[in-house]
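Notes for the structure review
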Amino acid sequence: NLSEYKAVMLASLRSLVKDWGSQHEVAWSWLWENVERMLKALMGKPAAQQKALTMMYSTLDESSLMVIRKEVYQQFFALAPAGQDYFKQSTTRLYF
């Protein structure tokens, strides 16, 4: 339940951030309302997207799939370099 999550996170933030004030409250509420709106808009869509991706991937040969796998990680790490800290596996293992 997203509204319960918001309340729990808000309570946690209030206790963790020493100088928590009304501006923090407004900023957190704004951020969470936008995140909640985006999440609600996506609910139910992953199943349809997975079906379309499965159909697309089934048409590709192994070399094309390997190119896609490499590109996904290269692009991810270029956009979020800190993500490399969470991937301790070998490159071969990341692709599968």
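Residues numbered from 1 in each chain as written. Predicted model: local features only at pLDDT ≥ 70, side-chain atom pairs only at ≥ 80, totals over all residues. Heavy atoms only, no water.

Re the overall build of the chain
- Looking only at helices and strands, the chain has five helices and zero strands in total.
- The helix and strand sequence of the chain, counted from the amino end, reads α-α-α-α-α.
- In summary, the chain has a C-alpha radius of gyration of 19 Å against a globular reference of 12 Å for 96 residues, an excess of more than 25%.
- Dimensions of the chain along its principal axes, counting C-alpha atoms only, are 55 × 30 × 15 Å.
- Here the chain holds 96 residues, and the buried ones make up 17% of them.
- If you take every contact in the chain between residues at least 6 apart in sequence, the share linking residues at least 24 apart comes to 38%. (Helix = DSSP H or I, 4+ residues; strand = E, 2+ residues; numbered from the N terminus. Rg over C-alpha atoms; globule rule 2.2 N^0.38 Å. Buried < 20%, exposed > 50% of the residue type's maximum accessible area, 1.4 Å probe, protein only. Contact = heavy atoms within 4.5 Å.)

Some remarks on the packing of aromatic side chains
- A full pass over the atoms with the stated rule returns four aromatic pairs.
- Between the aromatic rings of Y5 and W32, the centroid separation amounts to 5.0 Å while the plane-to-plane angle is 40 degrees, which identifies the pairing as tilted. Of this pair, Y5 sits in helix α1 (residues 2–16) while W32 is found in helix α2 (residues 22–42), placing the two residues 27 residues apart along the sequence.
- For Y5, a relative accessible area of 42% gives the class partly exposed.
- For W32, a relative accessible area of 6% corresponds to the buried category.
- Ring geometry for W28 versus W32: centroids 6.0 Å apart, planes at 20 degrees, classification stacked. Note that W28 and W32 are positioned in helix α2 at a spacing of four residues, about one turn of the helix. For the pair shown, W28 and W32 are each scored as buried.
- Through a chain of ring-to-ring contacts, three or more aromatic side chains come together here, namely Y5, W28 and W32. (Phe/Tyr/Trp six-rings, centres within 6.5 Å; stacked < 30°, edge-to-face > 60°.)

Digging into the pattern of salt bridges
- By the definition in use, this model includes three salt bridges.
- With its nearest N and O atoms 2.3 Å apart, the salt bridge here joins E25 to R14. Highlighted residues: E25 in helix α2 and R14 in helix α1, separated in sequence by 11 residues.
- Of the charged contacts in the structure, one is a salt bridge between E36 and K40, with a shortest N-O distance of 3.3 Å. Remark: K40 and E36 occur in helix α2; sequence separation between them is four residues, near one turn of the helix.
- On the basis of relative accessibility, which here comes to 14%, the residue E36 falls in the buried class. (Salt bridge = Lys/Arg side-chain N within 4 Å of Asp/Glu carboxyl O.)

Let's talk about the nonpolar core
- Counting five residues, the largest nonpolar core is built from L2, L10, W20, W28 and W32.
- Going through the elements one at a time, α1 and α2 are the ones with two or more residues in this core.
- Those residues in contact with W32 that lie beyond four places of it in its chain are L2, Y5 and K6. (Core = buried A, V, L, I, M, F, W, Y, C linked by side-chain atoms within 4.5 Å.)

Topic: a nonpolar patch on the surface
- A cluster of nonpolar side chains, L53, M56 and Y57, forms an exposed patch at the surface whose accessible area comes to about 260 Å².
- Tracing the chain through its elements places L53 in helix α3 (residues 45–58).
- L53 sits in the partly exposed class, given a relative accessible area of 41%. (Patch = residues over 30% accessible without salt bridge, like charges linked within 9 Å, V, L, I, M, F, W, Y side chains within 5 Å. Areas by Shrake-Rupley, 256 points an atom, 1.4 Å probe, with all protein chains shown as cover.)

No statement about biological role is implied by the geometric values presented.
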